[in-house]
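Below, each chain spelled out in residue letters.
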Amino acid sequence: MRGRELRGELDAFLADNEQDLVAFRRDLHMHPELAFAEYRTTQRIAERLTAAGLNPSVLPRGTGLICDVGSGDGPTIALRADIDALPLQDEKDVPHRSTVPGVCHACGHDVHTTVLLGTSLFLAQQAAAGLLPGRVRLIFQPAEELPGGALEVMAHGGISGVERIFGLHCDPRVDVGQLGLRTGPITSACDKLVVRVSGPGGHTARPHLTADLVFALAKILTELPAALSRRVDPRSSLSLVWGKVEAGSAANAIPDDGVAEGTIRCLDEEAWHAAPDLIKSLLESVAGAYGVEATMDYKRGVPPVVNDEVSVEMLAEAAERALGAGAVVPTQQSLGGEDFAWYLESIPGAFARLGTRTPGGLTYDIHQGTFDVDETAIAMGVRVMATTALSSLWGAGSLDSVTGAMA
């Protein structure tokens, strides 16, 4: 009986609130804020949660917040959304286009935030009616794009006492009404590498009297990625791709310094942990062969997001009930990075891909100024997250009794 009631309550909630949630998302889209500068966004979220009778706690930097729904009795699970935007120009011709030059929500974080807000308001109603058998921690996280916001949340007790955590991300390759899921790694590690090379320069007519630094740098650019492909299990997909190279200022002068910058991506957590020492060793070997000094600045990004099997099953079962049979679709592991990974190094959980493409419509890729979504995805996200939260609190064994009629 509870399952039929829950379905009806979600239907009624969304009938009353869906348009308001769409308006909230458009407001965020028009006023995007970069990492650790999400002051207005944080305030808007806090106002809505407070109006619903909740007690949000803003993080010490003043951006991002944490809010619990429900009592301390029973388990605690967490739901997370990221709230920051990207330093990109909004290129869409829509009424809700960004009003901030050079900043826009090109990754769907405004949608993630709105989905979690809607879920929060629904769960607040459930808690007020005595229908929440535990506690749900709402994490509106800053600075995912930096990255680092997840570490900020964790440093201030954001996942203390939490048994399991769930999150989702817009996927413009998946149709609205579907949820992409994968057990195990679903994103990759992503780090940044800066290599600086130095040596005696001179005239290009006498390269033998110099270290011929540009030639040596070129060898590092080609031999380092090639060596990695032979030193690491190919199933780990450890890759180094250069994006920036600088050396010299004149065609007939060999410079005495140069720099190369790139990213390292890896699908395997063990290989990711070993990467800095391996790359340092290879760099020294290649540089030494050409008589130059080479130093590296290895900047850790994020580990891979590794979905827990049980958590994926919980999300899948809830999604099937919330969205209907066939709603769950398999998804590939992405080479993109996502700092949700830091949570999953401490507690089990799962990260899902929310379909945002209009069926039969165009695909607007993320991290592009043209990115936009089919806004009916917001209600779909609320259904999935609310159902997942409730089924998690009731326990897998009681899932059918809670949401069975939603299938």
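Just above sits the structure.
So, how was this worked out
- Residues numbered from 1 in each chain as written.
- Predicted model: local features only at pLDDT ≥ 70, side-chain atom pairs only at ≥ 80, totals over all residues.
- Heavy atoms only, no water.
- Pairing = 2+ DSSP bridges.
- Helix = DSSP H or I, 4+ residues; strand = E, 2+ residues; numbered from the N terminus.
- Axes fitted to C-alpha atoms, helices over the stretch in contact; angles between N-to-C directions.
- Contact = heavy atoms within 4.5 Å.
- Polar contact = N/O pair within 3.5 Å; in protein donor to acceptor, adjacent residues only side chain to side chain.
- Buried < 20%, exposed > 50% of the residue type's maximum accessible area, 1.4 Å probe, protein only.

**Student:** I tried to follow the sheet that holds strand 12 (residues 257-266) on my own but got confused; where do I start?
**Tutor:** Strand pairing in a sheet is mediated by backbone hydrogen bonds. Such pairs are either parallel or antiparallel. Taking strand neighbours across the sheet as the criterion, the four strands line up as 10-12-8-13 in an open arrangement whose pairing is antiparallel. Every interior strand has two partners, whereas the edge strands, strand 10 (239-247) and strand 13 (293-302), have only one. The mean inter-strand angle of the sheet, taken between neighbouring strand axes irrespective of direction, is 15°. Pairing of strand 8 (residues 189-198) with strand 13, which is carried by eight bridges, proceeds in the antiparallel orientation. Bridge pairing links Lys192 to Lys299 in strand 13. Packed onto the sheet, helix 5 (residues 213-231) meets strand 8, strand 10 and strand 12 and runs at close to 170° relative to strand 10. Helix 6 (residues 269-289) contacts strand 8, strand 12 and strand 13 of the sheet and is inclined by roughly 165° relative to strand 13.

**Student:** How should the environment of Arg182 be read in this particular structure?
**Tutor:** By secondary structure assignment, the location of Arg182 is in the loop between strand 6 (179-181) and strand 7 (184-185). In contact with Arg182, not counting residues within four places along its chain, are Asn307, Val312, Thr331, Gln332 and Gln333. Here Pro185 takes part through its backbone oxygen, which lies 2.6 Å from a polar atom of the side chain of Arg182.

**Student:** Explanation requested: unusual backbone geometry in the structure shown.
**Tutor:** Leave glycine aside and you will find that most residues have negative phi; peptide bonds, for their part, are mostly trans. The amide bond that connects Leu146 to the next residue, Pro147, takes the cis arrangement and shows omega of -10°. Assignment of secondary structure puts Pro147 in the loop between strand 4 (135-141) and helix 4 (149-155). Even without a glycine there, the phi angle at Phe36 is positive, about 60°. Structurally, Phe36 is set in the loop between helix 1 (2-30) and helix 2 (39-51). A positive phi angle, near 50°, is found at Ser237, a position not held by glycine. Classification of Ser237 as partly exposed rests on a relative accessible area of 30%.

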